[in-house]
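Chain residues, written in single-letter form:
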Amino acid sequence: MWRRAFGQAHGFRRVRRDWISQPDGQRSSAISTAVLMRSKAEANGKEDKETIEVTFITKEGDRKTIRVPVGMSMLEAAHENDIELEGACEGSLACSTCHVIVKDEKFYRMLKEPSDEENDMLDLAFGLTETSRLGCQVIAKPELNGMELALPAATRNFAVDGHVPKPH
């Protein structure tokens with residue numbers, strides 16, 4: 001007996017169609033369904049993700065604590081939570097406008113070493129400190145739970161600030 005099966009997810013159930021060869025050469029199909037357990041978040045199109053708590057300190061000194069999914073950059077998290085972290089290059093390591101200052105050196109040491117490209121951009125950042133990083137390069141991971149990031153008093157965005165590079 002020849003059999004072929006394929007499935008397709010439909011909400012909370014999976015439909016499976018089996019094609020069965022009959023002795024006379026005709027094929028008939030049989031459909032079976034199986035209920036799959038899914039979380040409410042998955043049913044709404046969102047997966048449950050582990051999150052960490054991060055506090056942003058604005059240039060005015062206000063504190064805003066948010067939940068950040070593991071794997072998300074601090075730049076993305078700030079944008080999703082209406083925190084004024086510019087990110088003019090949208091995380092492509094072409095500016096320093098998402099400059100943040102890690103308040104606790106313990107958390108700074110847990111971060112991946114900055115790349116040469118990140119260091120080059122940090123050299124252009126306003127108010128550079130020993131624990132400065134670019135928000136687009138700080139990625140949430142469980143051990144960073146409780147981290148505090150301060151936003152500098154200003155940013156340098158050459159495209160907006162009117163900087164015109166001189167030809168060589």
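Residues numbered from 1 in each chain as written. Predicted model: local features only at pLDDT ≥ 70, side-chain atom pairs only at ≥ 80, totals over all residues. Heavy atoms only, no water.

K.L.:
Kindly report on the nonpolar core, identifying the contributing residues and their values.
P.N.:
In this structure, V54, F56, V68, M74, L85, M147 and L149 are the most contacted members of the largest nonpolar core, which totals 27 residues. Only β4 (51–57), β5 (63–69), α2 (74–80), β6 (99–102), α4 (116–122) and β8 (147–150) provide two or more residues apiece to this core. The leading source of residues in this core is α2, at 4 residues. Sequence-distant contacts of F56, that is, excluding residues within four places in its chain, are made with D62, R63, K64, I66, M74, A78, I83, L85, L149 and L151. (Core = buried A, V, L, I, M, F, W, Y, C linked by side-chain atoms within 4.5 Å. Buried < 20%, exposed > 50% of the residue type's maximum accessible area, 1.4 Å probe, protein only. Helix = DSSP H or I, 4+ residues; strand = E, 2+ residues; numbered from the N terminus. Contact = heavy atoms within 4.5 Å.)

K.L.:
Which residues make up unusual backbone geometry, and what values do they have?
P.N.:
Positive phi values are uncommon outside glycine, yet D82 reaches one of about 55 degrees. Tracing the backbone through its elements, the reader meets D82 in the loop between α2 and β6. Positive phi values are uncommon outside glycine, yet L93 reaches one of about 60 degrees. Within the element layout of this structure, L93 appears in the loop between α2 and β6. For L93, a relative accessible area of 22% translates into the label partly exposed.

K.L.:
Account for the pairing of β4, naming residues and giving values.
P.N.:
Among the 7 residues of β4, 5 are classified as buried, and the element is accordingly described as predominantly covered. What sits between β4 and β5 in their antiparallel hairpin is a turn of 5 residues, with G61 showing a positive phi close to 95 degrees. In the sheet, β4 pairs with β8 via 4 bridges, with the strands oriented parallel. In the strand pairing of β8, I57 is matched with A150. (Pairing = 2+ DSSP bridges.)

K.L.:
Any chance you could break down the sheet that holds strand β7 (residues 132–134) for me, citing the residues and the numbers?
P.N.:
In any sheet, the strands associate via hydrogen bonds between backbone groups, in a parallel or an antiparallel arrangement. Taken in spatial order, the 5 strands of this open sheet run β5-β4-β8-β6-β7, and their pairing is mixed. In this open sheet, the two edge strands, each paired with only one partner strand, are β5 and β7. In this sheet, adjacent strand axes meet at a mean angle of 35 degrees when their direction is disregarded. Taken together, the 7 bridges between β4 and β5 define a ladder with antiparallel strand orientation. The partner of T55 across the bridge, within β5, is T65. (Axes fitted to C-alpha atoms, helices over the stretch in contact; angles between N-to-C directions.)

K.L.:
Explain the layout of surface pockets residue by residue, including any values.
P.N.:
As a volume, the largest pocket reaches approximately 160 Å³. Forming the boundary of the largest pocket are L111, K112, E113, P114, S115, E118, R133, Q137, V138, I139 and K141. Residue classes in the lining of the largest pocket are distributed as 4 nonpolar, 2 polar and 5 charged. (1 Å grid on protein atoms, 1.4 Å probe; cavity = no way out; pocket = protein on both sides within 12 Å on 5 of 7 lines; lining within 4 Å. Points joined across faces, edges and corners; volume = space filled by probe spheres on them. Nonpolar A, V, L, I, M, F, W, Y, C, P; charged D, E, K, R; others polar.)

K.L.:
Now, about the state of the cysteines: what can you tell me, with residues and values included?
P.N.:
Applying the stated rule across the entire model yields 0 disulfides. Free of any disulfide, C95 has its nearest neighbouring cysteine sulfur in C89, separated by 3.5 Å. (Disulfide = S-S within 2.5 Å.)

K.L.:
Please provide a residue-by-residue account of the environment of E80, values included.
P.N.:
For E80, the location among the structural elements is in helix α2. A relative accessible area of 58% places E80 in the exposed class. Note: C-alpha distance between E80 and I66 (14 residues apart in sequence) is 9.9 Å.

K.L.:
Quick one: what's the story with the packing of aromatic side chains, residue by residue and with numbers?
P.N.:
Two measures describe an aromatic ring pair: the distance that separates the ring centres and the angle between the ring planes. Throughout the structure, instances matching the rule amount to 0 aromatic pairs. One Lys or Arg, K106, reaches over the ring of F107 and ends 4.7 Å from the middle of that ring. (Phe/Tyr/Trp six-rings, centres within 6.5 Å; stacked < 30°, edge-to-face > 60°. Lys NZ or Arg CZ within 6 Å of the ring centre and 35° of its normal.)

K.L.:
I'd love a proper account of the pairing of β8, names of residues and values included.
P.N.:
The pairing of β6 with β8 spans 2 bridges and is antiparallel. Counterpart to I101 in the pairing with β8 is A150.

Geometric values such as these leave the question of function open.
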